[in-house]
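Notes for the structure review
What follows is each chain in one-letter form.
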Amino acid sequence: MGEVDPAFIQATEHRPKLNTIQIEGIPLIDLSVSDTRDLKQLVSEIGNACKKWGFFQVINHGVPLELCTRIKEAAKTFFDRPIEEKRKVKRDEVNAMGYHDSEHTKNVRDWKEVFDFLLEDPTFVPASPEPEDKEIRTLTNQWPENPPEFREVCQEYAREVEKLGYKLLELISLSLGLPANRLSGYFKDHTGMLRLNYYPPCPCPDLALGVGRHKDASALTVLSQDDVGGLQVKRKTDGEWIPVKPIPNAFIINVGDTVQVWSNELYESVEHRVVVNSEKERFSVPCFFFPCHSVMVKPLEELVNEQNPAKYKEYSFGKFFVARNRSDYKKLEVENIQIHNFKISN
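Quick caveat: nothing in here was measured; it's all calculated off a predicted structure. (Residues numbered from 1 in each chain as written. Predicted model: local features only at pLDDT ≥ 70, side-chain atom pairs only at ≥ 80, totals over all residues. Heavy atoms only, no water.)

1. A closer look at the UniProt feature "domain: Fe2OG dioxygenase" (unreviewed entry) in the protein chain
- What UniProt calls "domain: Fe2OG dioxygenase" (unreviewed entry) maps, in this numbering, to residues 189-291.
- Regarding residues 189-291, the helix share stands at 6% and the strand share at 39%, and the terminal C-alpha atoms are separated by 8 Å. (UniProt positions renumbered as here; feature names shortened; annotations may be inferred. Helix = DSSP H or I, 4+ residues; strand = E, 2+ residues; numbered from the N terminus.)

The following block contains the structure:
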C-alpha cells in the first residue's frame, strides 16, 4: 500500500473485483432511421433501455468521428503537460471550471485528473445552496495557452455533442409518451458542462477507483470513452457491477437524477463507477446535460395521476447543483445531497 496515498483507498465493500467476466452488457442502439426501421421502433428501444438499464450505447449518432479522435488527442496533449502548467488553469471554489486533480466521490479521492468547461460561457448559477439566498453567480471558462488548438477543438466537439444531446432528449420524451419538445424548454440558458477525464495507470487497481460509485445529477450524460474501458454499471436486477465494453465510434448514454424525477421513476438514474488499470492510461469525455439553474424539478404532470402520485417534492435545480458540488474540494462530514432527500413517502 506504500505506493498509494490512503486518501484513494476505497472501503473494503466498494473495492473492485478485477476478474470480472464478460457478460451481456448494456444495449447498443442504432440512431439511424430507415425504411426497415422507423422512428417508433427506435423510440421503443430507447424506452426499454432506459427502463431496464438506465444506460445504453449509440451508433450512427451524427457526431463527426474525426472530431471524436481530435478531442481525445487534445486531452492527451493537455494532460501530458507539466503539472505547473496545468495548475495555471486550476479550478477552485471561486472558479469552478478548469483543471482539477483531487476530486472526491463519496468522500474518497478519485484516481484521475479532469478539465471542465461550460457549454454556454458564461453560465449562471446560484451563489449558494441556501434557499433564502437569491444571489446569482457567474461561471466562466478558463483555457490553457497550450496546446494552442485545445480551446477550438473542445468548443467544436461540444457543439456537436450538444446537438446529439437534444436529439436524445427528444427521443426520451417520445418514449415517455410526451411530445418530442416537452423537455427542451428546461434547457434554455442551461448549465451543461463537458469534462475531459484522464485516468493514469494505478499501482493498486484493486484498492482505488478512477471514480467511485455515484449517480449523475444531470438529465442526461453523453460519454465518449477510449478503447481501454473501465466504466462499470450497477445492474438493476441483481446489483452486479457490469463492465461497459468499448465499442468503436459509439457514445455511452445514461439518464440522470433529473430524468428520474421528471419521469416519476419510470426511468431510473443508475449507479456507475470507473475501475483503473495498472498498465494503461485511459481517457474519457462525458458531457453533462443540466437544465437552467432556475428550473424547478418535479415529476411531469402528464405522468402523475391518482394511481401514480408524484414521488418527489419540487426542488430548485440550481440550488441542488450548487449543494452537490461543494464536496469537490474537501471531505464533508455528511454524504452530499441526493434526490432521495426530496422523495415523498407515500
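On we go from here.
2. Description of the sheet that holds strand β16 (residues 282-289)
- Taking strand neighbours across the sheet as the criterion, the eight strands line up as β1-β2-β14-β11-β16-β9-β6-β3 in an open arrangement whose pairing is mixed. Single-partner strands in this sheet number two, and they are β1 (28-30) and β3 (98-100). For this sheet, the mean inter-axis angle between neighbouring strands, taken without regard to orientation, is 25 degrees.
- In this structure, strand β11 (residues 220-225) lies alongside β16, joined through six bridges in antiparallel fashion. (Pairing = 2+ DSSP bridges. Axes fitted to C-alpha atoms, helices over the stretch in contact; angles between N-to-C directions.)

3. Concerning helix α2 (residues 65-79)
- If you check α2, its first and last C-alpha atoms are 22 Å apart, about what 15 residues at 1.5 Å a residue would give, namely 21 Å.
- All of the buried residues in α2 are Leu67, Cys68, Ile71, Lys72, Ala74, Ala75, Phe78 and Phe79. Projected onto a plane normal to the axis of α2, the buried residues spread over an arc of 155 degrees and lie on a single side. (Expected span 1.5 Å × (residues − 1). Buried < 20%, exposed > 50% of the residue type's maximum accessible area, 1.4 Å probe, protein only. Arc of directions from axis to C-beta.)

4. Points about the packing of aromatic side chains
- Per the stated rule, a full pass over the model turns up 23 aromatic pairs.
- Residues Tyr198 and Phe283 carry aromatic rings whose centres are separated by 5.2 Å and whose planes lie at 25 degrees to one another, so their mutual orientation is stacked. Of this pair, Tyr198 sits in strand β9 (residues 193-199) while Phe283 sits in strand β16; the two residues are 85 residues apart in sequence, bridging distant segments of the chain. There is no split in this pair, since Tyr198 and Phe283 are both buried.
- Here the aromatic residues Phe78, Phe79, Tyr99, Phe115, Phe117, Trp143, Phe150, Tyr198 and Phe283 are joined through ring pairs into a cluster of three or more. (Phe/Tyr/Trp six-rings, centres within 6.5 Å; stacked < 30°, edge-to-face > 60°.)

5. Topic: the pattern of salt bridges
- Tallied over the entire structure, the rule returns 25 salt bridges.
- One salt bridge connects Glu268 with Lys236, and the closest N-O pair in it is separated by 3.5 Å. Placement of Glu268 in the loop between α5 (257-262) and β15 (272-274) and of Lys236 in the loop between β12 (231-234) and β13 (241-243) is noted, with a sequence separation of 32 residues between them.
- Judged by relative accessible area, which is 34%, Lys236 ranks as partly exposed.
- Salt bridges here are not isolated pairs; linked through shared partners, they connect Arg91, Glu103, Asp110, Lys112, Asp116 and Arg195. (Salt bridge = Lys/Arg side-chain N within 4 Å of Asp/Glu carboxyl O.)

6. Structural notes on the confidence of the model for the protein chain
- Looking at the protein chain, the pLDDT average stands at 91 and 94% of residues meet or exceed 70.
- Below pLDDT 50 for its whole length, residues 327-334 participates in 17 contacts with residues either more than four positions away or in separate chains. (pLDDT = per-residue confidence, 0-100. Contact = heavy atoms within 4.5 Å.)

7. A look at the nonpolar core
- Core analysis: the largest hydrophobic core is formed by 76 residues, its most contacted members being Ile46, Phe115, Leu168, Leu196 and Phe251.
- Element by element, the count of residues in this core is highest for helix α4 (residues 150-175), at eleven residues.
- Setting aside residues no more than four positions away along its own chain, Leu168 makes contact with Leu31, Ile46, Phe56, Val58, Leu220, Val222 and Ile253. (Core = buried A, V, L, I, M, F, W, Y, C linked by side-chain atoms within 4.5 Å.)

8. Comments concerning the packing of α2 against α4
- Between α2 and α4, whose axes approach to 9 Å, the crossing angle comes to 140 degrees. In this view, α2 runs oblique relative to α4, as classed from their interaxial angle. Between α2 and α4 lies a crossing whose hand is left-handed. Judged by residue contacts, Leu67, Cys68, Arg70, Ile71, Ala74 and Phe78 of α2 engage Phe150, Val153, Cys154, Glu156, Tyr157 and Glu160 from α4. (Parallel < 35°, antiparallel > 145°, perpendicular 65-115°, else oblique. Left-handed = near helix turned anticlockwise from the far one by under 90°.)

9. Topic: the pairing of β16
- Within β16, eight of the eight residues are buried, which leaves it mostly tucked inside the rest of the structure.
- Across the two faces of β16 the burial is the same, with Arg282, Ser284, Pro286 and Phe288 and Phe283, Val285, Cys287 and Phe289 all buried.
- One ladder, built from five bridges, connects β9 with β16; its direction is antiparallel. Considered in β16, the bridge of Asn197 is made with Ser284.

10. Comments concerning the environment of Ile339
- With respect to the helices, strands and loops of the structure, Ile339 is situated in the segment after α6 (317-324).
- Owing to a relative accessible area of 6%, Ile339 belongs among the buried residues under this scheme.
- Along the chain, Ile339 and Pro309 lie 30 residues apart, while their C-alpha atoms are 17 Å from each other.
- Beyond its immediate stretch of four places on either side in the chain, Ile339 contacts Asp257, Gln260, Val261, Tyr312, Tyr315 and Phe320.

11. Describing the packing of helix α1 (residues 39-52) against α4
- Where α1 contacts α4, the two axes come as close as 8 Å, and the packing angle between them is 85 degrees. For the element pair α1 / α4, the angle class is roughly perpendicular. Residues Leu39, Leu42, Val43, Ile46, Gly47 and Cys50 of α1 pack against Leu168, Leu171, Ile172, Leu174 and Ser175 of α4.
- Grouping the constituent residues of the contact of α1 with α4 by class yields nine nonpolar, two polar and no charged. (Nonpolar A, V, L, I, M, F, W, Y, C, P; charged D, E, K, R; others polar.)

12. Brief notes about the side chain of Lys72
- Looking at the element boundaries, Lys72 is found in helix α2.
- Asp226 is the oppositely charged side chain nearest to the buried, salt-bridge-free Lys72, at an N-O distance of 7.2 Å.
- When residues no more than four places from it in sequence are discounted, the contact partners of Lys72 are Ser224, Gln225 and Asp226. (Lys, Arg positive; Asp, Glu negative; His and termini not counted.)

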